[in-house]
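What follows is each chain in one-letter form.
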Amino acid sequence: MTQTLTLRRPDDWHLHLRDGAMMQAVLPHTAAHFGRAIIMPNLVPPVVTGAQAAAYKDRILAALPKGSTFTPLMTLYLTEDTDPGDVAAAYASGLINAVKLYPAGATTNSASGVSRFENVRPTLEKMAEIGLPLCVHGEVTDHDIDIFDREAVFIDRVLDPIRKATPDLKVVMEHITTKNAVDYARAQGPNLGATITTHHLVINRNHILAGGIKPHYYCLPVAKREEHRLALRDAATSGETRFFLGTDSAPHTDANKLLPCGCAGCFTAPNTMSILAQVFEEEDKLGHLEGFASLHGPAFYGLPENTDTITLTKGDVIAYPGHVDTDEGPVTVFDPGYPLHWRVT
């Protein structure tokens, strides 16, 4: 029996578009369903100044399909040399909507990130003063910390001290992956939000490792135990306004995913809304999907909700393409491992 669900057009509060030929190929898949997206600045070289963010935004707008109304929301990459004045000017002009903190070496193209957090305090204090959110990749990179514990350790060692030292700073815990992060977020005030990805609602670490390594499920932060996946599903579908969608859709060519040291990232832009509708239906929380995908994020960032809508229809199984072709090579689309019945119509 056909079912339909109409939502305000959703936004993606954590997105990787890359640049050049890759961006040309993947951008239409986000622009088809989403009104806006927070664009990650971890290019090579990274987007660290207002001038670089303006140039990147121009390249994104030029690559949009004709007639698209998609709006990229730009960010700056926080380094220990970031100029607080440049950050403030970029925000005041309306160019940027956030600054991104990568601990050095935490993920793809993060070598320019922060090692000594005391060196970024002037920028964080300026951001707190002007109300500019800090988006945080929440993992420590110490070699003696197990990769499955790095998010929980980051909360204790880095995030909580930053927030206590700068209590007025708005912070987004991006792509949370643990019950620890869910519990921490729920215990905080309104100036802390948390994004949850599509793929972390679907996979746990068994999906990556059991029965053979599945490189297209490898992402950072890496998927954790089943108890953590269930905590994420509870948070995402709860209706709590502090949790909202950030897909962390991260395209890599198959050649780069299948290297001896393969890249981290899941490309979910084409089928995110289909997967989310199925997840929320399984949890009997379809009524909360609009909040998670379309309402909570704008409220946290102080932006208006989108005025147009999308409609999801449930019917026969959808055959999504397994790959998106780019001039750099094919990019595998995330496979949730089960048939999808919801589609954007």
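What counts, and where the lines are drawn
- Along every chain, residues carry numbers that run from 1 in the direction the sequence is written.
- Reporting in this predicted model follows two pLDDT cut-offs: at least 70 for local features of residues, and 80 or more for side-chain atom pairs to be given and counted; totals over whole chains, interfaces and linings ignore these cut-offs and use all residues.
- Computation of side-chain values covers all heavy atoms of the structure but excludes hydrogens and water.
- Numbering of helices and strands runs from the N terminus, with a helix taken as a DSSP run of H or I at least four residues long and a strand as a DSSP run of E at least two residues long.
- Contacts are assigned to residue pairs with any non-hydrogen atoms lying within 4.5 Å of each other.
- Here a salt bridge means any side-chain nitrogen of Lys or Arg lying within 4 Å of a carboxyl oxygen belonging to Asp or Glu.
- Residue burial is assigned from relative accessible area. The probe radius is 1.4 Å, only protein chains are included, and a residue is buried under 20% of its type maximum, exposed over 50%, and partly exposed in between.
- Convention adopted: a line fitted to C-alpha atoms gives each axis, helices being fitted over their contacting stretch, and angles between N-to-C directions are expressed from 0 to 180 degrees.
- What sets the label is the angle itself: under 35 degrees gives roughly parallel, over 145 gives roughly antiparallel, 65 to 115 gives roughly perpendicular, and the rest give oblique.
- Criterion used throughout: strands pair if DSSP finds at least two bridges between them.

Q: Where do I start with the environment of V140 in this structure?
A: Position of V140 relative to the elements: it lies in the loop between β6 (134–137) and α5 (150–165). Residues contacting V140, with those up to four places away along its chain left out, are I145, R150, V153, F154 and V158.

Q: What should I look at first to understand the pattern of salt bridges in this one?
A: Pairing between side chains of opposite charge can happen when the charged atoms of each approach one another. Scanning the entire structure with this criterion turns up 16 salt bridges. Linking R233 and E283 is a salt bridge whose minimum nitrogen-to-oxygen distance equals 2.9 Å. Here R233 is found in helix α8 (residues 226–236), whereas its partner E283 is found in the loop between α10 (272–282) and α11 (289–301), with 50 residues between them in sequence. According to the relative accessible area criterion, E283 is partly exposed, its value standing at 32%. A salt bridge links E281 to K314, with the nearest nitrogen and oxygen atoms 2.8 Å apart. Linking E281 in helix α10 with K314 in strand β10 (residues 309–314), this pair joins segments that are 33 residues apart in sequence. Assessed through its relative accessible area of 25%, E281 is described here as partly exposed. Three or more residues are tied together by salt bridges with common partners; here these are R186, D234 and E240.

Q: When you look at the packing of α10 against α11 in this model, what are you seeing that I'm missing?
A: Helices that pack against each other are described as a pair by the angle of their axes relative to one another and the distance between those axes. Two numbers describe how α10 lies on α11: the axes approach to 9 Å, and their chain directions differ by 140°. The angle between α10 and α11 falls in the class oblique. Contacts between α10 and α11 pair M273, L276, A277 and F280 from the former with L289, F292 and A293 from the latter.

Q: Before we go on, may I ask you to explain the sheet that holds β10 in this structure?
A: Pairing within the open sheet is antiparallel, and its three strands lie in the order β1-β10-β13. The sheet terminates laterally at β1 (3–8) and β13 (342–344), the two strands that pair on one side only. Direction aside, neighbouring strands of the sheet carry axes that sit 25° apart on average. One ladder, built from three bridges, connects β10 with β13; its direction is antiparallel. Note that in β13 the partner of K314 across the bridge is W342. Against the sheet, α10 touches β1, β10 and β13, its axis set at about 140° to β13.

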